[in-house]
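# Residue-level structural notes
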Amino acid sequence: DTGVSQNPRHKITKRGQNVTFRCDPISEHNRLYWYRQTLGQGPEFLTYFQNEAQLEKSRLLSDRFSAERPKGSFSTLEIQRTEQGDSAMYLCASSLDDRNPPLHFGNGTRLTVT
Amino acid sequence: SQQGEEDPQALSIQEGENATMNCSYKTSINNLQWYRQNSGRGLVHLILIRSNEREKHSGRLRVTLDTSKKSSSLLITASRAADTASYFCATELARDSNYQLIWGAGTKLIIKP
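The structure reproduced in this document is the subject of the present report.

### Things to note about the interface of chain A and chain B
Taken together, the 22 residues of chain A in the interface contact 20 residues of chain B. Here chain A packs against chain B, burying approximately 1,700 Å² in sum over the two surfaces, 50% of which is carbon and sulfur. In this assembly, chain A and chain B are joined by zero salt bridges. Taken together, the connections running from chain A to chain B amount to five residue pairs in polar contact (both at pLDDT 80 or more). Elements with a contribution of two residues or more to the side of chain A that touches chain B: β4 (31-37), β5 (44-50) and β9 (88-95) of chain A. It is β4 of chain A that contributes the most residues to the side of chain A that touches chain B, four residues altogether. A breakdown of the residues in the side of chain A that touches chain B according to their chemical character gives 11 nonpolar, seven polar and four charged.

### Considering the sheet that holds strand β7 (residues 65-68) of chain A
By way of backbone hydrogen bonds, the strands of a sheet pair with one another, either parallel or antiparallel. Residues and elements named next belong to chain A. Strand order in the open sheet made by the four strands is β1-β3-β8-β7, with antiparallel pairing throughout. The sheet terminates laterally at β1 (5-7) and β7, the two strands that pair on one side only. Each neighbouring strand pair of the sheet contributes to a mean axis angle of 15 degrees, computed without reference to strand direction.

The rules behind the values
- The residue count restarts for each chain, going from 1 along the sequence in the order it is written.
- Starting at A for chains and at 1 for ligands, labels are handed out in the order in which the entities are written.
- Totals for whole chains, interfaces and linings use every residue, but because this is a predicted model, local features are given only for residues with pLDDT of at least 70 and side-chain atom pairs only at 80 or more, for both listing and counting.
- No hydrogens and no water enter the side-chain calculation; it runs on all heavy atoms of the structure.
- Throughout, a contact is declared for two residues whenever any of their heavy atoms are within 4.5 Å.
- By definition, the buried area sums, over both parts, the 1.4 Å-probe accessible area that each loses when the two are put together.
- We define a salt bridge as a contact between a side-chain nitrogen of Lys or Arg and a carboxyl oxygen of Asp or Glu at a distance within 4 Å.
- Pairing of N or O atoms within 3.5 Å defines a polar contact, subject to two protein rules: one partner must be a possible hydrogen donor and the other a possible acceptor, and residues neighboring in sequence count only if both atoms are side-chain atoms.
- Numbering of helices and strands starts at the N terminus; helices are DSSP runs of H or I of at least 4 residues and strands are runs of E of at least 2.
- Note on residue classes: Ala, Val, Leu, Ile, Met, Phe, Trp, Tyr, Cys and Pro are nonpolar, Asp, Glu, Lys and Arg are charged, and everything else, Gly too, is polar.
- Whether two strands pair depends on DSSP finding at least two bridges between them.
- Note on definitions: angles span 0 to 180 degrees between N-to-C directions of axes, and those axes are lines fitted to C-alpha atoms, for helices only across the stretch in contact.

Spelled out as structure tokens, the structure:
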């Protein structure tokens, strides 16, 4: 068990550029979650997967955000046409399934949009 | 919107003292979880308490849950400098479940040596 891995750790991009983040969950975990966190706040739910199926997406999530988990293993989160308001920590978490909390988090990708 | 609200927002105590943080929520839950987050890192699960439980212990941690008041508390006894972190409560709502956790804004704990 090597834990949840996220890459890159930091990303600085210019407004209008596209960015993609990767998350490798714990290998036997079926559920994978993406959260966004800004300074002084708790995690804000973005979306989650059960294996390769995306089961829920936050209604607050812009259409510029898309996530995939093509083979039910790693996941990518893409933000198109980034805006300064997208600057945040993007956290990935995994869990065995819905009957087996808790969540195991990666160390996040910190995005700065200039 | 965030259902959990931690209190206080920030807490600064001397090493060796006990630290108590509170969490209130609004709707019925299946369980409540406490997580710790060191600066710039991901969250680490500390303890989970189910809705039919009233108290749980794990090492120096003690969590209580009062479902009638919709509140929980986290007590860290004999605090250490390494306990300096932000602490978050998260609730799993009592509905057929997509198992979505609702998070509070956290309590920032500083332990002074």
